[in-house]
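Residue-level listing of the chains:
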Amino acid sequence: MQEWIRFLEVNSPRILELTIEHTMLVALAIIVALLIGVPLGIYLTTNEYLAGIVLQVASIILTIPSIALFGVMIPLFSLINQGIGYVPAFVALVLYSQLPIIRNTYTAIKNVNPEMRDAAIGVGMKTHQRLLRVEIPNALPVIMAGIRTAVVLNIGIGTIAAYIGAGGLGVLITQGIGRGDNYLIISGSLAVALLALFADGILLMIQKRYTRSNA
Amino acid sequence: MIKFDHVTKSYEGGINAVKDVNFTVEKGNIVVLLGPSGCGKTTLLRMVNRLESITKGTINVNGQNSMELNEIDLRKKIGYVIQSNGLFPNMTIEDNVMIVPDLLGWSKKEKRERFYSLMGLIGLNADDYRKRYPNELSGGQQQRIGVARALAADPPVMLMDEPFGALDPIIREKIQDEFLHIQREVKKTILFVSHDIDEAIKMADKIVLMRGGEIMQFDTPSEMLAHPKNDFVSQFFGKDRAIKSLSLHTVKKLQDIIGLVEFDETIQDTKTINVNQDLRNTLSMLMNQEADQVIVTDDNGRQLGAITIDLVQKYLHFEIKGKPSVAQKG
Ligand SMILES: Nc1ncnc2c1ncn2[C@@H]1O[C@H](COP(=O)(O)OP(=O)(O)O)[C@@H](O)[C@H]1O
Ligand SMILES: [Mg+2]
């Protein structure tokens, strides 16, 4: 216990700094993933054929081990002199979050009660009015569940980003492994786990606050 | 006015859901589409606001061919009520009711005023309900709100697809009465789907009885009960169709034609009934209280005489079975 206290006294500013770095990387990746994934998911509800293909591709991406995907990113981004560091990590995280976001958006909109959709058309809404006023609001809990999955996934996978020099909490773990320092490894892992729980909790709160449970 | 002219609907796979249908819903009338499940009622109704395409024929809404109108504009001019889940769970009651005016771009003030007057019309307190959500309401309240929403922009035409079908019988009757009361005030042209014979008899100025996408008979309820055109129609209404037709006649009418009897003051605890009640309710009252007579009163509570089972039977015999088609909707 004594050792832990001393360790934290020395390292907590650094842990905090890396946590913030980690959060920024994940948050930015999620924002971009949302900007791509939600509209795409909505669009796919109108195009059955494309939906099959896109969901398949997104599933395949998610099965690629993260180390391998980061590995592929390096030579690819070397072409534009961004081989190491922030950009490839960011792109990998965006790709990983596509499946839960697209799939949940797509299914949520598809599963909106057909009678409710009918009523929306029946009162004279145009397609975009129906989407914005009825279908998306009622699909929001399921879309949010997808976003939460993506966030937790990315917080975990984000640790690997340290290997390609993108910083974040993974740095503690890689350094810990390199130096054989268990305190570093444990504190890094714990920080990642806590961050994931915390983010999920916050998002759940937002979801509860802004959606109606019966929707 | 809604005019169906040789209207046919074929779904992919060769199902003819509606076959060469012709009839007109006159301005201010309620026409009920009646028939067994799957006979094409909903399909026919949904062709009016173009939720279903028309395979052949034309539907005229207030003199205009529906296919020549912009479908969004057409729908905003047609009130639409469905059985359940028609309200948007993410919107407050006020937003739900005011959705069409909102789409039409009414001002905030206009919408608020209209909301209050509509809630008055359907008998719910506007302040109590304004900020609540549909799932906080009972089934009956939700259907009232559904009716208010359909009336919001004062459309001349309304389509109602089994609007009260999901309610329990007591609430259903109450809402039917309320709705008829509202209709007397607003005089909409209404196409109303039902699979409930009693509901159809009660609500309809005219009934369209359908089977397998075809019209079996198009007539007033009393005419259809008195003179079924074919075996399907008579079987559909059943052996007790004479009894059913009693709901179309009032005590007043019986009094005018064959007169009431003197009431027997020696009988204790006799119930009273208003002279404007229909004979079906009167008959069930007579049966339920196991008494020989029920005292008839006018609106001021004045006793006019008494009615007995014998009298109802006599009237049934002369007026409904005997003479052709004298019955009018009370
Ligand atoms: N979208 C559809 N595709 C194919 N057949 C349909 C469709 N909708 C309804 N039908 C068929 O059309 C017939 C009439 O259906 P419907 O109008 O819903 O009947 P009702 O409202 O009288 O119960 C039924 O045989 C039904 O199976
Ligand atoms: Mg139906």
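Residues numbered from 1 in each chain as written. Chains lettered and ligands numbered in written order. Predicted model: local features only at pLDDT ≥ 70, side-chain atom pairs only at ≥ 80, totals over all residues. Heavy atoms only, no water.

**Let's talk about the overall build of chain A**
Helix and strand content of chain A: 8 helices and 0 strands. By principal-axis analysis of the C-alpha atoms, chain A measures approximately 70 × 40 × 25 Å. When burial is assessed residue by residue, chain A has 47% of its 215 residues classed as buried. For chain A, contacts bridging at least 24 residues in sequence account for 75% of all contacts bridging at least 6. For chain A, the exposed area adds up to about 11000 Å²; of that, 69% sits on carbon and sulfur atoms. (Helix = DSSP H or I, 4+ residues; strand = E, 2+ residues; numbered from the N terminus. Buried < 20%, exposed > 50% of the residue type's maximum accessible area, 1.4 Å probe, protein only. Contact = heavy atoms within 4.5 Å. Areas by Shrake-Rupley, 256 points an atom, 1.4 Å probe, with all protein chains shown as cover.)

**Topic: the domain arrangement of chain B**
Residue and element names in this part refer to chain B. Parsing chain B into structural domains produces domain 1 (2–239) and domain 2 (246–322). The C-alpha-based centres of domain 1 and domain 2 are spaced at 34 Å. Taken residue by residue, the interface counts 6 residues in domain 1 and 4 residues in domain 2. Across the domain 1 to domain 2 interface the summed buried area is about 320 Å²; carbon plus sulfur atoms make up 60%. Interface area lost by domain 1 to domain 2 is led by Asp 198, Ile 201 and Ser 222, which between them contribute 73%. Across the domain 1-domain 2 interface, the total number found is 1 salt bridge. Among the ionic pairs, Arg 280 bridges to Asp 198, the shortest N-O distance being 2.8 Å. For the pair domain 1 and domain 2, the interface holds 1 residue pair in polar contact (both at pLDDT 80 or more). Of all the secondary structure elements, the ones that give two or more residues to the side of domain 1 that touches domain 2 are α9 (197–203) and α10 (221–226). Considering every element that reaches the side of domain 1 that touches domain 2, the biggest residue donor is α10, with 4 residues. Tallied by class, residues from the side of domain 1 that touches domain 2 come to 4 nonpolar, 1 polar and 1 charged. (Domains from an automatic or database assignment. Buried area = accessible area lost by both parts, 1.4 Å probe. Salt bridge = Lys/Arg side-chain N within 4 Å of Asp/Glu carboxyl O. Polar contact = N/O pair within 3.5 Å; in protein donor to acceptor, adjacent residues only side chain to side chain. Nonpolar A, V, L, I, M, F, W, Y, C, P; charged D, E, K, R; others polar.)

**Concerning the sheet that holds strand β12 (residues 293–297) of chain B**
Sheet strands pair via backbone hydrogen bonds, and the direction of the pair is either parallel or antiparallel. Residues and elements named next belong to chain B. Read from one edge of the open sheet, 3 strands run β11-β12-β13, paired in mixed fashion. The outermost strands of the open sheet, each flanked by one partner alone, are β11 (272–274) and β13 (303–308). Neighbour-to-neighbour, the strand axes of the sheet open up by a mean angle of 35°, direction not taken into account. Note: β12 against β13, 5 bridges, orientation antiparallel. (Pairing = 2+ DSSP bridges. Axes fitted to C-alpha atoms, helices over the stretch in contact; angles between N-to-C directions.)

**Observations concerning the sheet that holds strand β6 (residues 78–81) of chain B**
All names here are of chain B. Taking strand neighbours across the sheet as the criterion, the 6 strands line up as β6-β7-β8-β3-β9-β10 in an open arrangement whose pairing is mixed. Only two strands of the sheet have a single neighbouring strand rather than two, namely β6 and β10 (214–219). Each adjacent strand pair in this sheet contributes to an overall mean axis angle of 15°, direction not counted. This element, helix α1 (residues 41–48), spans β3 (30–34), β6, β7 (157–161), β8 (189–194) and β9 (206–211) of the sheet and lies at about 155° to β8.

**Digging into the site of ligand 1**
Residue and element names in this part refer to chain B. In the vicinity of ligand 1, the contacting residues are Tyr 11, Ile 15, Ala 17, Ser 37, Gly 38, Cys 39, Gly 40, Lys 41, Thr 42 and Thr 43. Here Thr 43 contributes a side-chain N or O atom positioned 2.5 Å from an oxygen atom of ligand 1. Burial of ligand 1 by the protein chains amounts to 60% of its free accessible area of 560 Å². Here the shell around ligand 1 takes 3 residues from α1, the largest share from any one element. A class-by-class count of the residues in the shell around ligand 1 yields 4 nonpolar, 5 polar and 1 charged. (Near = heavy atom within 4 Å.)

**A short note on the pattern of salt bridges**
All chains considered together, the criterion is met by 24 salt bridges over all chains. A salt bridge links Arg 46 of chain B to Glu 52 of chain B, with the shortest nitrogen-to-oxygen separation between them at 3.4 Å. Residue Arg 46 of chain B is classed as buried on the basis of its relative accessible area, which comes to 14%. Looking at Glu 52 of chain B, the relative accessible area reads 16%, which means it is buried. Taken together, the shared-partner salt bridges in this structure form one network comprising Asp 118 of chain A together with Lys 9, Arg 46 and Glu 52 of chain B.

**Considerations on the pairing of β12 of chain B**
Consecutive side chains of a regular strand alternate in pointing toward one face of the sheet and then the other. Residue and element names in this part refer to chain B. Burial analysis of β12 places 5 of its 5 residues in the buried class, the great majority of the element. Of the two faces of β12, the one lined by Gln 293, Ile 295 and Thr 297 and the one lined by Val 294 and Val 296 are each fully buried. Of the strand pairs in this sheet, β11 and β12 are connected by 3 bridges, and their pairing is parallel. By the bridge assignment, Ile 273 is partnered in β12 with Val 296.

**Overview of the UniProt feature "domain: ABC transporter" (unreviewed entry) in chain B**
Per the UniProt entry, the sites bearing "domain: ABC transporter" (unreviewed entry) are residues 2–237 of chain B in this numbering. Secondary structure within residues 2–237 of chain B divides into 40% helix and 25% strand; the distance between the first and last C-alpha atoms comes to 26 Å. (UniProt positions renumbered as here; feature names shortened; annotations may be inferred.)

**Some points on the interface of chain A and chain B**
With 19 residues of chain A at the contact, the number on the chain B side is 24 residues. Scanning the region where chain A abuts chain B turns up 2 salt bridges. For Asp 118 of chain A, the salt bridge goes to Arg 46 of chain B, with nearest N and O atoms at 2.2 Å. Summed over the shared surface of chain A and chain B, the number is 5 residue pairs in polar contact (both at pLDDT 80 or more). Mapped onto the side of chain A that touches chain B, the elements with two or more residues apiece are α5 (114–122) and α6 (127–157) of chain A. It is α5 of chain A that provides the largest number of residues to the side of chain A that touches chain B, a total of 7 residues. Broken down by class, the residue content of the side of chain A that touches chain B amounts to 8 nonpolar, 6 polar and 5 charged.

**Regarding helix α2 (residues 48–63) of chain A**
Under the 1.5 Å per step criterion, the end-to-end length of α2 of chain A is 23 Å for 16 residues, consistent within 8% with the ideal 22 Å. Buried positions along α2 of chain A lie against α1 (2–44) and α4 (86–110) of chain A. (Expected span 1.5 Å × (residues − 1).)

**As for the nonpolar core**
One finds Phe 4, Phe 23, Leu 44 and Leu 191 of chain B to be the most contacted residues of the largest nonpolar core, which totals 88 residues. Of all the elements, α6 of chain A adds the most residues to this core, at 11 residues. Leaving out residues up to four positions away in the same chain, Phe 23 of chain B has contacts with Ile 2, Lys 3, Phe 4, Val 31, Leu 33, Leu 44, Leu 191, Val 208, Ile 215 and Phe 218 of chain B. (Core = buried A, V, L, I, M, F, W, Y, C linked by side-chain atoms within 4.5 Å.)

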